[in-house]
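# Structure assessment
Given next are the chains, with one letter for each unit.
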Amino acid sequence: MNLGIFFSETNEHTGGGFQYEISIAKFLLKKLEKKNYNLKFYCTDERTKKILKRFNIYAFNIGKNKLFNFFFKINLFYNLNFLKGFTSYISPYERFINKDNLDLIYFLSPNHHAMYIDKCNFVSTCWDICHRDNVEFPEIRKNYSFELREILFFSTYLKSHSIICDSELTKKNLSKWYGVDSKRIKIIPLFRSLNQKKFKNFNIKQYVKNKKNYLFYPGQLWSHKNHIYVLDALELLKNKYKIKINFYFCGSDKGNLEHINNHAKKLNIQDQIKYLGFLNNKQIKNYYENAFALVMPTYFGPSNYPPLEAFSYGCPVIYNLFGSENTNFKKAVWEIDIKNILSLVKIIIYMKKNRNKVNDKIKNGLRYHSKINEKKIINDYKKIFKDFSNIKNKWK
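Reference entry: report on the structure contained in this document.

Criteria and cut-off values
Residues numbered from 1 in each chain as written. Predicted model: local features only at pLDDT ≥ 70, side-chain atom pairs only at ≥ 80, totals over all residues. Heavy atoms only, no water. Core = buried A, V, L, I, M, F, W, Y, C linked by side-chain atoms within 4.5 Å. Buried < 20%, exposed > 50% of the residue type's maximum accessible area, 1.4 Å probe, protein only. Helix = DSSP H or I, 4+ residues; strand = E, 2+ residues; numbered from the N terminus. Contact = heavy atoms within 4.5 Å. Polar contact = N/O pair within 3.5 Å; in protein donor to acceptor, adjacent residues only side chain to side chain. Salt bridge = Lys/Arg side-chain N within 4 Å of Asp/Glu carboxyl O. 1 Å grid on protein atoms, 1.4 Å probe; cavity = no way out; pocket = protein on both sides within 12 Å on 5 of 7 lines; lining within 4 Å. Points joined across faces, edges and corners; volume = space filled by probe spheres on them. Nonpolar A, V, L, I, M, F, W, Y, C, P; charged D, E, K, R; others polar. Axes fitted to C-alpha atoms, helices over the stretch in contact; angles between N-to-C directions. Parallel < 35°, antiparallel > 145°, perpendicular 65-115°, else oblique. Left-handed = near helix turned anticlockwise from the far one by under 90°. Pairing = 2+ DSSP bridges. Phe/Tyr/Trp six-rings, centres within 6.5 Å; stacked < 30°, edge-to-face > 60°. Lys NZ or Arg CZ within 6 Å of the ring centre and 35° of its normal.

### As for the nonpolar core
Membership of the largest hydrophobic core comes to 96 residues, with the highest contact counts inside it found for L28, Y106, L215, F216, F247, I318 and Y381. With eight residues, helix α12 (residues 227–240) is the largest single contributor of residues to this core. If sequence neighbours within four positions are ignored, Y106 has contacts with L3, G4, I5, F6, Y20, I24, L28, V123, T125, I164 and Y381. Ranked by size, the runner-up nonpolar core spans 26 residues in total, among them L102, F107, F153 and V180.

### Re the side chain of N226
For N226, the position within the fold is in the loop between β8 (214–218) and α12. Among the polar contacts listed, one links the side chain of N226 to the backbone oxygen of P297, at a separation of 3.0 Å. Sequence-distant contacts of N226, defined by excluding residues within four places in its chain, comprise P297, Y299 and I338.

### Some points on the pattern of salt bridges
Taken as a whole and judged by the stated rule, the model has ten salt bridges. As a salt-bridge pair, K31 and E374 come within 3.8 Å of each other at their nearest N and O atoms. Note that K31 is positioned in helix α1 (residues 16–31) and E374 in helix α19 (residues 374–392), a separation of 343 residues in sequence. Ionic pairing is found between R149 and D128, a salt bridge with its closest N-O pair at 3.8 Å. Here D128 lies in the loop between β5 (121–125) and α6 (130–133) and R149 lies in helix α8 (residues 145–157), a separation of 21 residues in the sequence. Assessed through its relative accessible area of 18%, D128 is described here as buried.

### What about the layout of surface pockets?
Where empty space is left in the structure can be found by rolling a water-sized probe over the atoms. Empty space within the second largest pocket amounts to approximately 900 Å³. Lining the second largest pocket we find 32 residues, and of these D166, P189, N326, F329 and Y368 sit closest to its centre. Considered class by class, the residues forming the lining of the second largest pocket number 14 nonpolar, ten polar and eight charged.

### Re the environment of S312
Checked against the element boundaries, S312 lands in helix α15 (residues 305–312). Expressed as a C-alpha distance, the spacing of S312 and R367, which sit 55 residues apart in the sequence, is 9.3 Å. One polar contact links the side chain of S312 to the main-chain carbonyl oxygen of E309, over a distance of 2.8 Å.

### Digging into the packing of α12 against helix α13 (residues 257–267)
At a closest axis distance of 10 Å, the pairing of α12 and α13 adopts a crossing angle of 15°. Comparing their axes, α13 and α12 come out roughly parallel. At the point where α12 passes α13, the crossing takes the right-handed sense. Side by side, α12 and α13 meet where H227, I228, L231, D232 and E235 of the first sit next to H259, I260, H263, A264 and L267 of the second. Partitioned by chemical class, the residues of the contact of α12 with α13 number five nonpolar, three polar and two charged.

### What about the sheet that holds strand β4 (residues 104–107)?
A sheet is described by the order of its strands in space; here seven strands give the open sequence β3-β2-β1-β4-β5-β6-β7, paired in parallel fashion. Both edges of this open sheet fall to β3 (59–61) and β7 (185–187), since each of them pairs with a single strand only. Averaged over neighbouring strand pairs, the angle between their axes works out to 25° when direction is ignored. Where β4 lies against β5, three bridges are found, and the strand directions are parallel. Of the residues in β5, the one forming a bridge with L104 is N121. Packing of α1 onto the sheet brings it into contact with β1 (2–6), β2 (38–43), β4, β5 and β6 (162–165), and relative to β2 it is tilted by some 160°.

### Topic: the packing of aromatic side chains
Summed over all chains, the structure comprises 33 aromatic pairs. Pairing Y42 with F60 gives two aromatic rings, centres 6.4 Å apart and planes at 90°, and the pair type is edge-to-face. Within this pair, whereas Y42 is found in strand β2, its partner F60 is found in strand β3, the two being separated by 18 residues in sequence. Since its relative accessible area comes to 1%, Y42 is described here as buried. Above the ring of Y248, the side-chain terminus of K274 is found at 5.8 Å from the ring centroid.

### A look at empty space enclosed by the protein
Summed over the entire model, instances satisfying the criterion amount to one cavity of 30 Å³ or more. Taken as a whole, the largest cavity spans an internal volume of roughly 40 Å³. Every element with two or more residues in the lining of the largest cavity is listed here: β5 and α8. At three residues, α8 tops the list of elements feeding residues into the lining of the largest cavity. Its residues placed into classes, the lining of the largest cavity shows five nonpolar, five polar and no charged.

Shown next, in the form of structure tokens:
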């Protein structure tokens, strides 16, 4: 099978999306047999191409065609049959599909370029549908973001051979809100490779003893990330319970940093917070390993990369579970109610008084990570590709 793997315009500053795309691409490169799968990687700009090269992923830059984009949008809204042939003729996508004789394309992220694919079948990805759950946030309302997501989802998911998501909740909502056949929605959980030797030799007690007095939150500074919730909890801890703990956060500012800083000053806890800017992987690892805990009160989920990263570095996790039914995951995290700051306050107080319980959570996190079944995951991918091949052989 000639399989095209399509990247978004990804880079380190895009956060979890970047980690996801790189992780899946490297996983498929490693696990799919070369005799059965010929993988081709594609992107649409030189910057992404150079970034991927650093990870030994060699992608072809198909570039962008403004004329094609213009005529495509006219066809999308006005359905002018006489323009469709010309639009297909100048399509940069049809060019690389035909040149490389692709059987199937796999979009590693929710990607508007999938809308431009005419004849070739594709597999798409859905990370979440949180714009439906949380319509109030500025990042959902500005620049017609809600409407653009809806157009993307309706125009790509309904004609995908398969849609890959990471949870039963996302699968259920995809089927409910977009009318996607549930049989086409495949659940492949987020995963991250763990050094098994490190897991076996991990000294939990010594590790917890060396933890420093700060909460850590890596992630882009969107309002839905809910940094304000942490600040309110810190203020309550300080003034009511006489407990002072710091809050370090990092990631690209998406317009909310000023509000976070102003709110900290308003609560008189500005000396307890520190914005670290953008951190590379080595720096992030260091902050995880030394943190009192990862705290992630985000409104968007249910799955996110930071808890998995924290598990692998022996960092306790405080997280919004989104009603998760995953028992093993629940055993590894401290669950918070993001509508009630007291839930975070009580967890921090409890953790400070019960070090053995913190040890248990760290063990459960490492155990959860080490038991992720990579063999099942690659078999799930192969089944998706095989199911398509069984259909594809019905035509030339």
